[in-house]
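# Structural description and commentary
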Amino acid sequence: CDIILWVDICLLMSKFGHSRPAWDLKIDQALLQVHNELVNENLTVYWLSDYCYQCLYQELISVPMNSIGTGPVDSQHAVTLIVNGSNSKQICRIHYHFGEFGNYSLMVKNLHNNILQFSCNIIINQNPFNSNLRMLLCASFQDTYDFSLHFFFKELGSPSRADSIGSDLPASVWSSGPSLHRLRSLDTFRGLALIIMVFVNYGGGKYWFFKHQSWNGLTVADLVFPWFVFIMGTSISLSLSSMLRRGCSKWKLLGKILWRSLLLFLIGVIIVNPNYCLGPLSWENLRIPGVLQRLSCTYFVVAVLELLFAKPVPDNSTLEIPCPALRDILPYWPQWLFMMALETVWLCLTFLLNVPGCPNGYLGPGGIGDFGNYPNCTGGAAAYIDHVLLGEKHIYQHPSSNVLYQTTVAFDPEGILGTINSVIMAFLGLQAGKILLFYKDQHRQIMLRFCIWSVVMGVISAVLTECSKDEGFIPVNKNLWSISYVTTLSSFGFVLLLLIYYLVDVKKVWSGSPFFFPGMNSILIYVGHEIFENYFPFKWKMQDAQSHSEHLAQNLIATSLWVFISYVLYRKRIFWKI
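To keep things clear, this report deals only with the structure shown in the data block. (Residues numbered from 1 in each chain as written. Predicted model: local features only at pLDDT ≥ 70, side-chain atom pairs only at ≥ 80, totals over all residues. Heavy atoms only, no water.)

### Remarks on the overall build of the protein chain
- Check the secondary structure of the protein chain and you find 15 helices and 10 strands.
- Residues classed as buried in the protein chain amount to 56% of the 578 residues present.
- Expressed as a percentage of contacts within the protein chain between residues at least 6 apart in sequence, the contacts between residues at least 24 apart total 74%.
- For the protein chain, the accessible surface area stands at approximately 25600 Å², while carbon and sulfur atoms represent 63% of it. (Helix = DSSP H or I, 4+ residues; strand = E, 2+ residues; numbered from the N terminus. Buried < 20%, exposed > 50% of the residue type's maximum accessible area, 1.4 Å probe, protein only. Contact = heavy atoms within 4.5 Å. Areas by Shrake-Rupley, 256 points an atom, 1.4 Å probe, with all protein chains shown as cover.)

Following this line, the structure appears as structure tokens:
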């Protein structure tokens, strides 16, 4: 009943205030009418989004003298309009942020009847919609629903802390086996990242901040995958230590790691493959990289590296360690050397590899970016390596840069070169797991070290980016999985894990519901939401496909259904372990 009431409220939100105008506008567009009142000038209006770094201006509309031209204009971000007259003479330049579905007029006329002076003014004919307010109202109802859902799960029998089943322990069957003691904060962290990922993948209400950033910078959508990688690394440390305590040999664990990595890769290639939308899957258009494939390779490298040094019980002795405060770091110095070597490889390939037609060390989006000088250089060395080793048809065909930067070449955000830095991300998560092992039940020490790691990673990010979105030495970039992206997201990850650990495992004021449940069945929920994305009740035909409210309601319903499914599976003691 709560779900139905909440959905009705979100859907009714589109009925209040304004009805959507009859103009043929899409989401995140406004209508601009250009009134050319000049008697001797034909006008051409060009536009540029504030979020398009060093881009070429694009023609918006041409208007003959003494006439009116009409066309859509972007309302996601503020834009700069340049009005040129005959012979490309600039008449005026305006910076303005249009509102969604608003109706505006740009009045261009002579000033005081002087043909050499011009005035350009924007007039609002019809006020825009405030779609963000609707999102906030729906989100407030969703928060209320989640709060009531927490107590609903608690009343029905939220799992006790001794009942947590390690969803990351390698296995190959559906399991209802014995449970083991486990930190609930880890599953809660994983479930939170997963549910945001599901919501974003389903569309996020078609809001720009729930879409991946076009190139440099971060949105909500750019946070969740690295957090999932981060907590995977944390789980590797805990699960390997646990299985060694139970008497598993390292050779047996190596076999499990190999099998799990292979299964994850095959599921990603064969079952969860976006190139199905291009027709029946065949080798000609098979996308080889992907989310699960990236997880598979990352898991394999980090798990094998940890297996070489893992011990059944952490050695808390400080007698042989010069600095006892670093006993979770110093004994593992070969691992750190390996990580530094990997990062050196990434830096050398990124900045020194000779890419035909592109400058060395190019990190830009290509297309109309960088003033159109390198249109086919999207991603620089990262794209070049994928094209050479995998082939253009075997990588992602619709990167997030193709809309704003108008890129035309294929680029895969889960490509080969970026996998190196996802290994670094998982290794930093592995360090969080070692902190939990070495300082078990020492809550202050654990939280202090999480805080220190967060500050250290944040400082590194500030140095690499020069605290700038686009101007730094290595900008934060999800498409490239730049090292600054890894340090920034790991800094956020340590803070988030600290907060969840404090609330769930230290103070015990939150059970982790409802995120705990999808966190216990993460692979099933991820694969399931990809497979059934276009089926009812996760998707249906909308009355108005250009309405944020309808998209938001549909995406939240679909996401909530997966939370409920994960809860039912938990109650049935069904866990899909790979």
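Moving on from the coordinates now.
### Some words on the pairing of strand 2 (residues 43–49)
- Most of strand 2 sits inside the fold, with five of its seven residues counted as buried.
- As paired elements, strand 2 and strand 3 (residues 58–63) share five bridges and run antiparallel to each other. The partner of Thr44 across the bridge, within strand 3, is Ser62.
- Here strand 2 runs beside strand 5 (residues 79–84); their pairing, made up of six bridges, is antiparallel. The partner of Tyr46 across the bridge, within strand 5, is Ile82. (Pairing = 2+ DSSP bridges.)

### Describing the environment of Tyr396
- Mapped onto the elements, Tyr396 comes out in the loop between helix 8 (381–389) and helix 9 (401–404).
- Considering only alpha carbons, one finds Tyr396 and Asp412, 16 residues apart in sequence, at a separation of 4.7 Å.

### A closer look at the pattern of salt bridges
- Applying the stated criterion across every chain, the model contains seven salt bridges.
- Measuring nitrogen to oxygen at the nearest pair gives 2.9 Å for the salt bridge that ties Arg287 to Glu414. Of this pair, Arg287 sits in the loop between helix 5 (250–271) and helix 6 (291–307) while Glu414 sits in the loop between helix 9 and helix 10 (416–438), placing them 127 residues apart in sequence.
- Taking the relative accessible area as the measure of exposure, Glu414 reaches 7% and is therefore buried.
- Each of the salt bridges in this network shares a partner with another, and the network as a whole consists of Arg287, Asp412, Glu414 and Lys478. (Salt bridge = Lys/Arg side-chain N within 4 Å of Asp/Glu carboxyl O.)

### Side note on the sheet that holds strand 6 (residues 90–96)
- Sheet architecture is open: four strands sit in the order 3-2-5-6, paired in antiparallel fashion. Of all the strands in the sheet, the pair left with one neighbour each is strand 3 and strand 6. Each adjacent strand pair in this sheet contributes to an overall mean axis angle of 20°, direction not counted. (Axes fitted to C-alpha atoms, helices over the stretch in contact; angles between N-to-C directions.)

### A word on the packing of aromatic side chains
- Counted by the stated rule, this structure contains 31 aromatic pairs.
- Seen from their ring centres, Tyr96 and Tyr104 are 5.7 Å apart, and the 75° between their planes marks the pair as edge-to-face.
- Given the relative accessible area of 23%, Tyr96 is considered partly exposed.
- Judged by its relative accessible area of 2%, Tyr104 falls in the buried class.
- Look at Phe517 and Tyr570: their rings are 5.5 Å apart centre to centre, the planes differ by 65°, and that puts the pair in the edge-to-face class. Of this pair, Phe517 sits in helix 13 (residues 516–520) while Tyr570 sits in helix 15 (residues 548–571), placing them 53 residues apart in sequence. Exposure class is identical for Phe517 and Tyr570. Each is buried. (Phe/Tyr/Trp six-rings, centres within 6.5 Å; stacked < 30°, edge-to-face > 60°.)

### Focus: the environment of Ser400
- Mapped onto the elements of the fold, Ser400 is located in the loop between helix 8 and helix 9.
- Ser400 sits in the partly exposed class, given a relative accessible area of 24%.
- Beyond its immediate chain neighbours, meaning those up to four positions away, Ser400 contacts His212, Gln213, Ser214 and Asn479.
- Of the polar contacts made by the side chain of Ser400, one reaches the backbone oxygen of Ser214; its length is 3.4 Å. (Polar contact = N/O pair within 3.5 Å; in protein donor to acceptor, adjacent residues only side chain to side chain.)

### So, the packing of helix 3 (residues 184–201) against helix 15
- In the contact formed by helix 3 and helix 15, the axes pass within 9 Å of each other and the chain directions differ by 145°. Here the hand of the crossing between helix 3 and helix 15 comes out right-handed. On helix 15, the residues that touch Ile195, Val198 and Phe199 of helix 3 are Leu552, Asn555, Leu556, Thr559, Trp562 and Val563.
- A breakdown of the residues in the contact of helix 3 with helix 15 according to their chemical character gives seven nonpolar, two polar and no charged. (Left-handed = near helix turned anticlockwise from the far one by under 90°. Nonpolar A, V, L, I, M, F, W, Y, C, P; charged D, E, K, R; others polar.)

### A few points about a nonpolar patch on the surface
- Taken together, the side chains of Trp259, Leu262, Leu266, Ile270, Ile271, Ile531, Phe532 and Tyr535 present a nonpolar region at the surface, about 770 Å² in accessible area.
- Within the fold, Ile270 resides in helix 5.
- Classification of Ile270 by relative accessible area gives partly exposed; the value is 48%. (Patch = residues over 30% accessible without salt bridge, like charges linked within 9 Å, V, L, I, M, F, W, Y side chains within 5 Å.)

### Some remarks on the side chain of Ser566
- Tracing the sequence through the fold places Ser566 in helix 15.
- Here Ser566 falls in the buried class, since its relative accessible area comes to 0%.
- Leaving out residues up to four positions away in the same chain, Ser566 has contacts with Phe517, Pro518 and Ile525.

### Quick notes on the pairing of strand 1 (residues 29–36)
- With seven of eight residues buried, strand 1 is to be regarded as a mostly interior element.
- Where strand 1 meets strand 4 (residues 67–74), eight bridges bridge the pair, whose relative direction is antiparallel. Along strand 4, the bridge assignment pairs Ala30 with Val73.
- As judged from the six bridges shared by strand 1 and strand 7 (residues 103–111), these two strands associate in the parallel manner. Bridge assignment links Asn36 to a residue of strand 7, and that residue is Val108.

### Focus on helix 12 (residues 483–506)
- Taking 1.5 Å per residue, 24 residues should reach 34 Å; helix 12 reaches 32 Å between its end C-alpha atoms and fits that length.
- Counting buried positions along helix 12 gives 19 out of 24 residues, so the element sits mostly inside the fold.
- Remark: Lys508 follows helix 12 within two positions and exhibits a positive phi of approximately 55°. (Expected span 1.5 Å × (residues − 1).)

### Brief notes about the packing of helix 10 against helix 11 (residues 443–465)
- The interhelical angle for the contact between helix 10 and helix 11, taken along N-to-C directions, is 160°, at an axis separation of 9 Å. By the criterion of interaxial angle, the relationship of helix 10 to helix 11 is roughly antiparallel. For the pair helix 10 and helix 11, the sense of crossing is right-handed. Taking contact as the criterion, the partners of Leu428, Gln431, Ala432, Ile435 and Leu436 in helix 10 are, on helix 11, Ile446, Arg449, Phe450, Trp453 and Met457.
- Counted by class, the contact of helix 10 with helix 11 contains eight nonpolar, one polar and one charged residues. (Parallel < 35°, antiparallel > 145°, perpendicular 65-115°, else oblique.)

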